[in-house]
Amino acid sequence: MIVKVQFITGTERFEEYREPLARALAAVGIAADLAEDHPEAEVDYIVYAPSDAAVDLSGYSRARAALGLWAGVETIIGNPTLTMPYARMVDEGLTQGMVEWVTGHVLRHHLGMDADTCRRDAAWDTRVPPLAGNRRLGVLGLGALGAACATTLAGLGFDVAGWSRRPKTLDGVACHAGGDGLAAVLSHAEILVLLLPHTAATENILDADRLALLPKGAVILNPGRGALIDDAALLAALDAGQVGHATLDAFRVEPLPPDDPYWAHPGVTVTPHLASVTRPETAALVIAENIRRGEAGEPFLHLVDRDAGY
Ligand SMILES: NC(=O)c1ccc[n+]([C@@H]2O[C@H](COP(=O)([O-])OP(=O)(O)OC[C@H]3O[C@@H](n4cnc5c(N)ncnc54)[C@H](OP(=O)(O)O)[C@@H]3O)[C@@H](O)[C@H]2O)c1
């Protein structure tokens, strides 16, 4: 039987994924017809990364699953016509990219690269940074991305504490959960990494009260979502020196408007939502495996828990 796979991703992505996915499906023994224009009622699986969150999926009456290309789901799962199972993307290329981005930015601040390594003021200041074991890091969110970052940083010798919704065990990482756990991780974190999803429970999680729990001068890295941070509270904490620097990759409004105060603030580094992206060669393997599972009647990987919102 030939499985019909519909791309709702924009044509550019369809072109990027068509060959890698055809190869990956052949490798798991699935004969498939990949297109953007199958009649909706004939489609078996949807590959999903819509530019418009309000896509009407009600005609896809026999689709067994929608398979997302993105890790984040907050703009997708509110669609009332998304009635079939929805699997988000957990891709080893995406994870590796995030580990590299987070590690690079942690090392920038840990080593004081801006002030010391890139000196322009002719000051022969021989103070050396502490070793990693004396640098305390916090990671909020210990999922596919946060756990990989936390364990990599712990492997470099950093003193890492992490926080998740449910209790967790990770090699070399002091894992916390719940309200008291959040306070413990914040008060530990000289460098704090945000890798939480955007849900009702995480919106503005880094507000003025939580920012005040950080060690004075802490650095914040946010490759998670803009809505995790109360922006006015962060700007005030930067001005007061409570936060020493913020490197922000995700924002409430993207692209970040030219007049946004983050652009001009000397304590902020803006990166344009490029911390990591889904890589077609590796992501195609995940989609193919989920289609294989669907055809074999096995449970899908990476299904979104719509009640939890991620
Ligand atoms: N900037 C970029 O380029 C980029 C790229 C990809 C992804 N992202 C962002 O990164 C986020 C994380 O991705 P992921 O794949 O690691 O997600 P994930 O696997 O779903 O992990 C989410 C983590 O957050 C925790 N969490 C969720 N709600 C919580 C709450 N209310 N309190 C405490 N912990 C909570 C989860 O706890 P449990 O372990 O207990 O479930 C889990 O550890 C995505 O949602 C997306 O927003 C950004």
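Our subject in this report is the structure included herewith.

What counts, and at which threshold
The residue count restarts for each chain, going from 1 along the sequence in the order it is written. Given that this is a predicted model, residues contribute local features only at a pLDDT of at least 70 and side-chain atom pairs are listed and counted only at 80 or more, while totals for whole chains, interfaces and linings are drawn from all residues. Here the side-chain values reflect all heavy atoms present in the structure, with hydrogen atoms and water set aside. Here the axes come from fitting lines to C-alpha atoms, over the contacting stretch only for helices, and the angles between their N-to-C directions go from 0 to 180 degrees. Helix and strand definitions follow DSSP, with helices as H or I runs of at least four residues and strands as E runs of at least two, each counted in order from the N terminus. Our angle categories are set so that under 35 degrees counts as roughly parallel, over 145 as roughly antiparallel, 65 to 115 as roughly perpendicular, and the remainder as oblique. By convention the crossing between two helices is left-handed if the near helix lies anticlockwise of the far one by an angle smaller than a right angle, and right-handed if it lies clockwise. Contacts between residues were defined by any pair of non-hydrogen atoms, one from each residue, lying within 4.5 Å. Nonpolar cores are built from buried Ala, Val, Leu, Ile, Met, Phe, Trp, Tyr and Cys residues. Side-chain atoms within 4.5 Å join them into one set. Residue burial is assigned from relative accessible area. The probe radius is 1.4 Å, only protein chains are included, and a residue is buried under 20% of its type maximum, exposed over 50%, and partly exposed in between. Throughout, near means a residue has at least one heavy atom within 4 Å of the molecule or strand. Definition of a polar contact: a pair of N or O atoms within 3.5 Å, with one able to donate and the other able to accept a hydrogen when the atoms are protein atoms, and with sequence-neighbouring residues admitted only if both atoms are side-chain atoms. Every accessible area reported is derived by Shrake-Rupley at a probe size of 1.4 Å, with residue values counting cover from the shown protein chains alone. Charged means Asp, Glu, Lys or Arg here, nonpolar means Ala, Val, Leu, Ile, Met, Phe, Trp, Tyr, Cys or Pro, and polar covers whatever is left, Gly included.

This brings us to the packing of helix 1 (residues 11-27) against helix 9 (residues 280-296). Where helix 1 meets helix 9, the axes come as close as 8 Å, and the angle between the chain directions of the two elements is 50°. In terms of orientation, helix 1 lies oblique with respect to helix 9. In this structure, the crossing between helix 1 and helix 9 has a hand that is right-handed. Two secondary-structure elements touch here, helix 1 through Glu 16, Tyr 17, Pro 20, Leu 21, Arg 23, Ala 24 and Leu 25 and helix 9 through Pro 280, Glu 281, Ala 283, Ala 284, Leu 285, Ile 287, Ala 288 and Ile 291.

Turning our eyes to something else, we now look at the side chain of Thr 269. With respect to the element layout, Thr 269 can be found in strand 12 (residues 268-270). In contact with Thr 269, other than residues within four places in its own chain, are Arg 108, His 245, Ala 246, Thr 247 and Leu 248.

For the rest of this paragraph, the subject is the nonpolar core. Ranked by size, the top nonpolar core spans 31 residues in total, and within it Leu 140, Leu 211, Leu 214, Ile 220, Leu 234 and Tyr 262 carry the most contacts. Secondary-structure elements contributing two or more residues to this core are strand 7 (159-164), helix 5 (178-188), strand 9 (191-194), strand 10 (218-222), helix 7 (231-239), strand 11 (243-248) and strand 12. Considering each element in turn, this core owes the most residues, five residues, to helix 7. When near neighbours in sequence (up to four residues on either side) are disregarded, Tyr 262 contacts Ile 229, Asp 231, Leu 234, Leu 235, Leu 248, Phe 251, Leu 256, Val 268 and Val 270. Membership of the second largest hydrophobic core comes to 27 residues, among which are Cys 149, Ala 154, Val 160 and Val 219.

Taken together, 29 residues sit near the ligand, with Arg 88, Leu 145, Arg 166, Lys 168 and Tyr 310 positioned nearest. Residue Leu 145 places a main-chain N or O atom 2.8 Å away from an oxygen atom belonging to the ligand. Between a nitrogen atom of the ligand and a main-chain N or O atom of Pro 223, the distance comes to 2.8 Å. Bound to the protein, the ligand loses 93% of the 940 Å² it would expose on its own. Secondary-structure elements contributing two or more residues to the shell around the ligand are helix 2 (92-110), helix 4 (144-155) and strand 7. For the shell around the ligand, the element with the most residues is helix 4, which contributes three residues. Partitioned by chemical class, the residues of the shell around the ligand number 14 nonpolar, nine polar and six charged.

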